[in-house]
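# Coordinate inspection notes
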Amino acid sequence: MAPWNGKDEALSATKNEFDAAAAEAPEEGIARHEGRHVDLHRGLKARHITMIAIGGAIGTGLIVGTGSALAKGGPASILISYAFVGFIVYLVMCALGEMAAWLPLPSGFTGYAVRFCDPALGFAMGWTYFIKYLLITPNQMTAGALVISYWIPAEKVNAGVWITIFLVLIVAINYFGIRFFGEFEFWLSSFKVIVILGLILLSFILALGGGPDHDRKGFRYWKNPGAFNTYIDDGSAGRFYAFWSTMVTATFAYLGTELVGVTVGEAQNPRRTIPRAIRLTFFRILVFYVLSVFLVGMLVPYNSKELAFANKASSSAAASPFVVAIQLAGIPALPHILNACILLFVFSASNSDLYIATRTVYGLAREGKAPAFLSYTDGRGVPIYALGVSSLFALLAYMNVSSDSKTVFGYFVNLVTIFGILTWISILVTHIYFVRARKAQKVPEQDLAFKAPFGPAGSWFALFFCVIIALTKSFDAFTHNPKWGNFDYKTFITSYLGIPVYLILIFGYKIVTGSKSVDPREADLWSGKDEIDREEAEFLARQAALSEEKQRYNWFYRRFVSWLF
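Summarised in this report is the structure supplied together with it. Bear in mind the structure is a predicted one, so any value in this text is a computation, not a measurement.

## Digging into the overall build of the protein
- The number of helices and strands found in the protein is 23 helices and zero strands.
- Across the 565 residues of the protein, 58% fall into the buried class.
- Long-range pairs, those at least 24 residues apart, make up 82% of the contacts in the protein with a sequence separation of at least 6.

## Considering the side chain of Ser-292
- Here Ser-292 lies in helix α14 (residues 281-299).
- Judged by relative accessible area, Ser-292 falls into the buried class, the value being 1%.
- With sequence-adjacent residues up to four places away left out, Ser-292 is seen in contact with Leu-62, Ile-196, Ile-200, Val-287 and Phe-322.

## Observations regarding the pattern of salt bridges
- By the definition in use, this model includes seven salt bridges.
- Where Asp-524 meets Arg-115, a salt bridge forms, and the shortest distance between an N and an O atom there is 3.7 Å. Of this pair, Asp-524 sits in the loop between α21 (498-513) and α22 (529-544) while Arg-115 sits in helix α6 (residues 109-116), and the two are 409 residues apart along the sequence.
- The class for Asp-524 is buried, based on a relative accessible area of 12%.
- Between Asp-215 and Lys-217 there is a salt bridge whose closest N-O contact spans 4.0 Å.
- Three or more residues joined by partner-sharing salt bridges are found here, namely Asp-213, Asp-215, Lys-217 and Arg-220.

## Re the environment of Ala-227
- Position of Ala-227 relative to the elements: it lies in the loop between α10 (220-226) and α11 (235-254).
- Spatially, the C-alpha atoms of Ala-227 and Gly-74 are 5.5 Å apart, while their sequence positions differ by 153 residues.
- The residues touching Ala-227, leaving out its near neighbours within four places in the chain, are Gly-73, Gly-74, Pro-75, Ala-76, Ser-77, Tyr-221 and Trp-222.

## Quick notes on helix α16 (residues 334-366)
- For α16, built from 33 residues, the straight-helix expectation of 48 Å at 1.5 Å per residue is met to within 8% by its first-to-last C-alpha distance of 48 Å.
- Counting buried positions along α16 yields 28 of 33 residues, so the element is predominantly enclosed.
- Among the residues trailing α16, Gly-368 stands out with phi positive, at a value near 80 degrees.

## Focus: unusual backbone geometry
- Cis geometry marks the peptide bond from Asn-224 to Pro-225, where omega comes out at 15 degrees.
- Tracing the backbone shows Pro-225 in helix α10.
- Phi is positive for His-214, close to 50 degrees, though the residue is something other than glycine.
- In this fold, His-214 is placed in the loop between α9 (178-207) and α10.

## With respect to the nonpolar core
- Membership of the largest hydrophobic core comes to 149 residues, with the highest contact counts inside it found for Tyr-82, Tyr-112 and Tyr-254.
- By residue number, the principal contributor to this core is helix α5 (residues 75-102), which donates 17 residues.
- If we ignore the near neighbours within four places in the chain, the residues touching Tyr-254 are Tyr-82, Val-85, Gly-86, Val-89, Ile-285, Tyr-289, Val-290 and Trp-424.

## Points about the environment of Ala-159
- Mapped onto the elements, Ala-159 comes out in helix α8 (residues 159-175).
- Assessed through its relative accessible area of 6%, Ala-159 is described here as buried.
- Spatially, the C-alpha atom of Ala-159 lies 9.3 Å from that of Ala-397, the residues being 238 residues apart in sequence.

## A look at α8
- A rise of 1.5 Å per residue sets the reference length of α8, with its 17 residues, at 24 Å; its end C-alpha atoms lie 25 Å apart and thus fit the reference within 8%.
- All buried positions along α8 are accounted for by Ala-159, Gly-160, Trp-162, Ile-163, Phe-166, Leu-167, Ile-170, Ile-173 and Asn-174. Seen from one end, α8 has its buried residues packed into an arc of 160 degrees, which puts them on one side.
- The inward-facing, buried residues of α8 abut α7 (119-148), α9, α16 and α17 (384-393).

## Considering the side chain of Thr-66
- Topologically, Thr-66 is positioned in helix α4 (residues 65-73).
- Residues in contact with Thr-66, not counting those within four places in the same chain, are Gly-61, Ile-78, Tyr-82, Thr-249, Val-293, Val-296 and Pro-321.

## Description of the packing of aromatic side chains
- One pass over the structure, following the stated rule, counts 26 aromatic pairs.
- An angle of 55 degrees between the planes, with centres 5.8 Å apart, marks the rings of Phe-219 and Phe-294 as tilted. Taken together, the positions of Phe-219 in the loop between α9 and α10 and Phe-294 in helix α14 put the pair 75 residues apart, joining distant regions of the chain.
- Exposure remark for Phe-219: the relative accessible area of 43% places this residue in the partly exposed category.
- The exposure class assigned to Phe-294 is partly exposed, which follows from its relative accessible area of 23%.
- Among the aromatic side chains, those forming a connected cluster through ring pairs are Phe-84, Phe-87, Phe-454, Phe-461, Phe-464 and Phe-465.
- Positioned above the aromatic ring of Phe-345, the side-chain terminus of Lys-192 is 5.7 Å from the ring centre.
- Here the guanidinium or amino end of Arg-436 rests over the ring plane of Tyr-433, the centre of that ring lying 5.2 Å away.

Thresholds, definitions, all that
- Residues numbered from 1 in each chain as written.
- Predicted model: local features only at pLDDT ≥ 70, side-chain atom pairs only at ≥ 80, totals over all residues.
- Heavy atoms only, no water.
- Helix = DSSP H or I, 4+ residues; strand = E, 2+ residues; numbered from the N terminus.
- Buried < 20%, exposed > 50% of the residue type's maximum accessible area, 1.4 Å probe, protein only.
- Contact = heavy atoms within 4.5 Å.
- Salt bridge = Lys/Arg side-chain N within 4 Å of Asp/Glu carboxyl O.
- Expected span 1.5 Å × (residues − 1).
- Core = buried A, V, L, I, M, F, W, Y, C linked by side-chain atoms within 4.5 Å.
- Arc of directions from axis to C-beta.
- Phe/Tyr/Trp six-rings, centres within 6.5 Å; stacked < 30°, edge-to-face > 60°.
- Lys NZ or Arg CZ within 6 Å of the ring centre and 35° of its normal.

Below you can see the structure in the form of C-alpha cells.
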C-alpha cells in the first residue's frame, strides 16, 4: 500500500476532514455498546482466509450439484456454463478485492454499499446475504443426507439422524472460537484440495483407458448419448434450453467465492491477504471447476442410471458424478472411499457457511441494521447470539424428514442461487460507485493495494449478465409443454422469491429512513483507514522479526503451495 504523500492538496484536505471526524465521533453507521464486547478478534491468518474461501466454494455445488446439471444439460452444456459463470465470478471478485484492499471493514461488503453507494443498498444486501446463508447451511446438510443415502437409504435410517449429527458438530466448531475454527477449516480444506486434485488426475487416467476395464472413453459420451441433452423441446431449441438450465447449477457451484469479503474483519494483514486471494481466483476456477466438469463429462453419460439425478436412477445411485465415474470404471471399494471424502467436503462447506451467516448478521448489528444484541461477543470474540440465531434456521434441513432429499435439495438450490446472484449484483453496483467516488475525490490509482484489471467496464459487463441470469434462470417454471407439465408454482416461488424481497428491503428502508444515494464527492473513503494502516505496519514489523528459517518456510509456501489454495 503506497503511503500518503500529501502531494494533492484537495485530496489531502478531504482526508484530513474525515480523520478529524473519526477522532471526534464513532464511525458513522457503526453501533457502539458500552460495557459489552462487540469486537471480533483478528485471529485468521493468510492461510486461514484462503482456506475458508475454498472451503465454502469446493463443496455441494461442484461435487453434488454437477450431477443434476449433467443429467439435465449434458457434458458440453456444463463445460460452457461453468466456464462462463466462472469468468463472471472472477469479475465480481476483482470488484470486491479493489474495495476490500482499500478499506477492510469488519462489516464486509455491506459496509462498502453503505459508504459508497446507498445505505438502503447496504441494508438490503446485508439481509439478502444473511438469508442466503441461513438457507445454504441447511442445504449443505440436505446434501450430506443425500450423500449418506448411497450407503444407507432413508427408508432404513431417517435423514433427520444425520442432520442432527451435522448440526451439533458445526455449531460446536463455530463456538470454540476463531482460531480453532480457522485451523480446523484449514486442514479440512487442505484435504479437500488434495482429494479434488486426485480426482482430476484419476478422471484423466480413466478417460485414457487406464482403469481396470481398460476402456478408452475419450469423447465417446459426447457422441452417444450426445454433448447436449434436450429439455422442454426437441432439436436446437431443446439443446439451448438444456444448456441455459445448467446456468443455475453453475451459479450455485460458485456461490461462496465472494465470502472473503466477509472475513476481512478477522484477517491479519488484509491488504496483502485479500488481493492475493482475488488474483488466484482465476486459477482456482480454471483448475477446480472447469477442468473437473470437463473430465467428468467424458466419463459419465448424462442418462446414466447410476446417477441419482437421472430420470431412471437405480436405488443405489450416487449423488456425485465423480462416484458414478469410478463405479462405471469398475474400481472396487474406491466409490465408497470417495463418497466418504465427499461427505467431508459437504461437512466443511456447511461449517464455513454457518460461520458466514453468523458474521453477516453480526455486521448488520454493528451497523444498527439488526437487533443490537446480535453484535455482542464473548471474551474470545465469538458473536454467540448471532451464532445461536443462525443455528436455529439450520433446522430447516429437517424438511428432509417428510420429503425426498433430491426435491428439497432442488428447492434450496433455487432459493440460495437467487439470493447469491443479488449479492453479486450489489457488489458490482457498489464497485461502480466506489470508482466514481475515487475519481471524484482524486484518489490516484497507484495508492490502491489492488485494482480490478478490467475496471468499471468489467463490473458493467458482469452486472448485465447477472441480471439476465437472475431473470431467466428458472424459465422452465413457465413451461406449458404436455411433456413437462404446466406452470410449476413451487419452482417459480423458490426461484424468484428473492427479487421482491430484495426490492422491498431497498425501498422500504428508503421510505422509513429517508436515505438517499451517496454523492461521489462526499463518499466516506477514509474513516477507519488510519487504524488499519497502523495495524498493517505493526503486523509487518512482527513479520520482519521472524527468524530466517521461518521466513524461508513462508517463502516456499507462498511460491510453490499457496496458489493451489
